[in-house]
Amino acid sequence: MIVLISPFLMIFCCFLLLFFVYKRRWVICGLLLCIIVALNAYTECFAFGYVNKDTKSDIKVMCFNVHLLNDSSEARACCICNIIVEEDPDFVFMTEYYGSSSDSLLNAMLAHYPYYDKSNRWDNNCGDVFFSRWQIDVIENKKPRLSYGSMYRVQLSHEKDTLAIYCCHLSSNLLDFSPNKWDALQKGYEERAKEADILYDALTHEKYPAIVMGDMNDISGSYTLRRIESAELADAWWKGGFGYGATYHDHGLRLRLDHILYDEDRLTLTDVKVIDTDASDHNALVGGFRIEV
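Reading the values: the criteria
Residues numbered from 1 in each chain as written. Predicted model: local features only at pLDDT ≥ 70, side-chain atom pairs only at ≥ 80, totals over all residues. Heavy atoms only, no water. Helix = DSSP H or I, 4+ residues; strand = E, 2+ residues; numbered from the N terminus. Rg over C-alpha atoms; globule rule 2.2 N^0.38 Å. Buried < 20%, exposed > 50% of the residue type's maximum accessible area, 1.4 Å probe, protein only. Contact = heavy atoms within 4.5 Å. Areas by Shrake-Rupley, 256 points an atom, 1.4 Å probe, with all protein chains shown as cover. Core = buried A, V, L, I, M, F, W, Y, C linked by side-chain atoms within 4.5 Å. Axes fitted to C-alpha atoms, helices over the stretch in contact; angles between N-to-C directions. Parallel < 35°, antiparallel > 145°, perpendicular 65-115°, else oblique. Left-handed = near helix turned anticlockwise from the far one by under 90°. Disulfide = S-S within 2.5 Å. Phe/Tyr/Trp six-rings, centres within 6.5 Å; stacked < 30°, edge-to-face > 60°. Lys NZ or Arg CZ within 6 Å of the ring centre and 35° of its normal. Pairing = 2+ DSSP bridges.

A. Geometry of the overall build of the protein chain. Within the protein chain, the secondary structure is distributed over seven helices and 14 strands. In summary, the protein chain has a C-alpha radius of gyration of 20 Å against a globular reference of 19 Å for 293 residues, a match within 12%. Referenced to the eigenvectors of the C-alpha coordinate spread, the extents of the protein chain come out at roughly 65 × 50 × 35 Å. With 293 residues in all, the protein chain has 54% of them scored as buried. Long-range pairs, those at least 24 residues apart, make up 67% of the contacts in the protein chain with a sequence separation of at least 6. Surface summary for the protein chain: the accessible area is close to 14300 Å², and the carbon and sulfur share equals 56%.

B. Inspection of the nonpolar core at higher detail. One finds Phe91, Ile211 and Met213 to be the most contacted residues of the largest nonpolar core, which totals 30 residues. With four residues, strand E13 (residues 267-275) is the largest single contributor of residues to this core. Those residues within four positions of Phe91 in sequence are excluded, and the remaining contacts are Lys60, Val61, Met62, Phe130, Phe131, Ser132, Val154, Leu156, Ile165, Cys167 and Met213. Counting residues in hydrophobic clusters, the runner-up holds 22 residues, among them Leu68, Cys81, Phe131 and Ala284.

C. Region of interest: the packing of helix H1 (residues 6-23) against helix H2 (residues 26-43). Viewed as axis vectors pointing N to C, H1 and H2 meet at an angle of 160°, and their least axial separation amounts to 9 Å. One way to sum up the angle between H1 and H2 is to call them roughly antiparallel. In this structure, H1 meets H2 at a crossing whose hand is left-handed. Contacts between H1 and H2 involve Ser6, Leu9, Met10, Cys13, Cys14, Leu16, Leu17, Phe20 and Val21 from the former and Trp26, Ile28, Cys29, Leu32, Leu33, Ile35, Ile36, Leu39, Asn40 and Thr43 from the latter.

D. Structural detail: the state of the cysteines. For the structure on display, the rule yields zero disulfides. Note on Cys78: no disulfide assigned, nearest cysteine sulfur contributed by Cys81 at a separation of 6.6 Å. We classify Cys78 as partly exposed; its relative accessible area is 44%. We note that Cys79 lacks a disulfide partner, and the nearest cysteine sulfur, in Cys78, lies 7.5 Å from it.

E. Up close: the packing of aromatic side chains. The tally for this structure, following the rule as stated, stands at 11 aromatic pairs. Look at Phe93 and Phe130: their rings are 5.4 Å apart centre to centre, the planes differ by 20°, and that puts the pair in the stacked class. Of this pair, Phe93 sits in strand E3 (residues 91-98) while Phe130 is found in strand E5 (residues 126-132), placing the two residues 37 residues apart along the sequence. You can call Phe93 buried: its relative accessible area is 0%. Among the aromatic residues, ring-to-ring pairing joins Phe91, Phe93, Phe130 and Tyr152 into one connected group. Positioned above the aromatic ring of Tyr113 is the side chain of Arg133, whose terminal nitrogen or guanidinium carbon lies 4.6 Å from the ring centre. Across the ring face of Tyr200, the terminal group of Arg227 is positioned such that the distance to the ring centre comes to 3.9 Å.

F. Seen up close, the pairing of strand E8 (residues 161-169). The element E8 is extensively covered by neighbouring structure, given that seven of its nine residues are classed as buried. What sits between the antiparallel neighbours strand E7 (residues 150-158) and E8 is a turn of two residues, in which Glu159 has the positive phi angle 55°. Here E8 pairs with strand E9 (residues 210-215) via six bridges, running parallel. Counted as the bridge partner of Cys168 is Gly214 from E9.

G. Main features of the sheet that holds strand E10 (residues 233-235). One open sheet holds the six strands; their spatial order is E6-E7-E8-E9-E12-E10, and the pairing between them is mixed. Because the sheet does not close on itself, it has two edges, and the strands there are strand E6 (135-141) and E10. For this sheet the average axis-to-axis angle between neighbouring strands, irrespective of direction, equals 20°. Examined bridge by bridge, E10 and strand E12 (residues 258-263) share three bridges and lie antiparallel to one another. Bridge pairing in E12 places Asp235 opposite Leu261.

H. Inspection of the environment of Leu255 at higher detail. With respect to the helices and strands, Leu255 occurs in the loop between strand E11 (242-243) and E12. Every residue in contact with Leu255, bar those within four places of it in the chain, is listed here: Tyr244, Ala246, Thr247 and Tyr248.

Laid out in structure tokens, this is it:
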């Protein structure tokens, strides 16, 4: 819970800090400043990272929860396509990809990406889609049985380089469908914990440089993110972003639920950005990397 409310705690502490600065109570100011810095570091909340954007990327990846419903307009599908094409990533993982408007988006995207896969879509014509300029060698479904999230290991190759990208849309809390919100939060936490454990095990045995990305339905500092990062991965936004970096904007909330984590030993972060858009309830998240092995 402290992770969820950490931005509000830090803002509150900042107001207290300003008050005590005005009162010239320096000991209290110093303690408040230590609390703010420690809480921010623990939760990886407000980033003050830096990357040298002049460094050339070997690969640029994007994760985007497009939230295209069956009744979504063709104009919205076109807007999503324009966002992606303008950013020009080498690999795109798209989730919540539903219905007829999604197929028009797919047709538009095929003009820019020679490799794609939508075989992992659900039976009701929705799910997850991959577009790539790198060759897609294999897609392994890592989702645990009975989970309502999705996880894939996508192995890509280009010339002499091979990369493993773990594409995730982890289990949500399903608050809109649950009369008991606390039970829903607890159930969502338990499901994501199982998924994070599976990802951790896979990553500790991964032979290629790895990226984990997608809509994690959880925030930095949570068990989910810490468990995945414990496989010696770093958070791209925390390392190279600036500010809060919210990716979800619905129900009056601003949360960083979409993440890109990467193998810091074998990949160098060259760029990371959040692309603000009203075309979905999520913003697109982009990361650029140089492969070191």
